[in-house]
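Secondary and tertiary structure notes
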Amino acid sequence: MTPLGALLVLFAGMSVMGIIGAFTLFLVKNAKAQKIIFYIMAVYGMIIAWMNADSLPENFIGEQLIAWGLGLPAAAAVVIALCSRSEKAFVLAKILAVVSVLGGMLDLFVF
């Protein structure tokens, strides 16, 4: 396999994981499973932000800030989930985690 082929497989796998994770986060009814999927998605959003910012050249400061900024909703989601016990707050945290993952993937692929 060529390096570009491996990169294609990596991007395809990341896309599938992000889409499946986003759907299962809202479709699963078991509270314990939701929390596990939520934390996986939040960490995945932070990893995508790191990969995106780290893959840019050092003089692309604006793009790096955008990449790190797309990881902030995932960090905020974890803080909200840990500090608040209400169901509305957990729904907000899930939305922030999904926004971080999907925004990071969009930034990684398009920009």
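Rules behind the numbers
Residues numbered from 1 in each chain as written. Predicted model: local features only at pLDDT ≥ 70, side-chain atom pairs only at ≥ 80, totals over all residues. Heavy atoms only, no water. Helix = DSSP H or I, 4+ residues; strand = E, 2+ residues; numbered from the N terminus. Contact = heavy atoms within 4.5 Å. Expected span 1.5 Å × (residues − 1). 1 Å grid on protein atoms, 1.4 Å probe; cavity = no way out; pocket = protein on both sides within 12 Å on 5 of 7 lines; lining within 4 Å. Points joined across faces, edges and corners; volume = space filled by probe spheres on them. Nonpolar A, V, L, I, M, F, W, Y, C, P; charged D, E, K, R; others polar. Core = buried A, V, L, I, M, F, W, Y, C linked by side-chain atoms within 4.5 Å. Buried < 20%, exposed > 50% of the residue type's maximum accessible area, 1.4 Å probe, protein only. Patch = residues over 30% accessible without salt bridge, like charges linked within 9 Å, V, L, I, M, F, W, Y side chains within 5 Å. Areas by Shrake-Rupley, 256 points an atom, 1.4 Å probe, with all protein chains shown as cover. Salt bridge = Lys/Arg side-chain N within 4 Å of Asp/Glu carboxyl O. Axes fitted to C-alpha atoms, helices over the stretch in contact; angles between N-to-C directions. Parallel < 35°, antiparallel > 145°, perpendicular 65-115°, else oblique. Left-handed = near helix turned anticlockwise from the far one by under 90°.

1. Considering the side chain of Gln 64
Take Gln 64: it is sitting in helix α3 (residues 61-83). Look past the residues within four positions of Gln 64 in its chain and what remains in contact with it is Ala 53, Leu 56, Pro 57 and Glu 58.

2. What about helix α1 (residues 3-27)?
Across its 25 residues, α1 extends 36 Å between first and last C-alpha, which sits within 8% of the 36 Å expected from 1.5 Å per residue. In the core, the buried residues of α1 are packed alongside α2 (31-54) and α4 (87-110).

3. With respect to the layout of surface pockets
Here the largest pocket is characterised by a volume of approximately 160 Å³. Lining of the largest pocket is provided by Ala 31, Gln 34, Lys 35, Ile 80, Ala 81, Ser 84, Arg 85, Ser 86, Glu 87, Ala 89 and Phe 90. At the level of secondary structure, the elements contributing two or more residues to the lining of the largest pocket comprise α2, α3 and α4. Its residues assigned to classes, the lining of the largest pocket shows five nonpolar, three polar and three charged.

4. A look at the nonpolar core
Among soluble globular proteins, nonpolar side chains are generally buried collectively. Of all hydrophobic cores here, the largest spans 19 residues; its most connected members are Met 14, Phe 38, Tyr 44, Ile 48, Val 101 and Met 105. Breaking this core down by element, the ones donating at least two residues are α1, α2, α3 and α4. Per element, the largest residue contribution to this core is seven residues, and it comes from α4.

5. Topic: a nonpolar patch on the surface
Side chains of Ile 19, Phe 23, Leu 27 and Leu 102 sit close together on the surface and give an oily, nonpolar patch of about 430 Å² of accessible area. Within the secondary structure layout, Ile 19 lies in helix α1.

6. What to know about the packing of α2 against α3
Helix-helix packing: each pair is described by the crossing angle between the helix axes and the interaxial distance. At a minimum axis distance of 8 Å, the contact between α2 and α3 shows a crossing angle of 160°. Overall, the two elements α2 and α3 adopt an arrangement that is roughly antiparallel. For the pair α2 and α3, the crossing hand works out as left-handed. Together, Phe 38, Tyr 39, Ala 42, Gly 45, Met 46, Ala 49, Trp 50, Asn 52 and Ala 53 of α2 and Gln 64, Ala 67, Trp 68, Gly 71, Ala 74, Ala 75, Ala 77, Val 78, Ala 81 and Leu 82 of α3 make up the contact between the two elements. Class assignment of the residues belonging to the contact of α2 with α3 gives a composition of 15 nonpolar, four polar and no charged.

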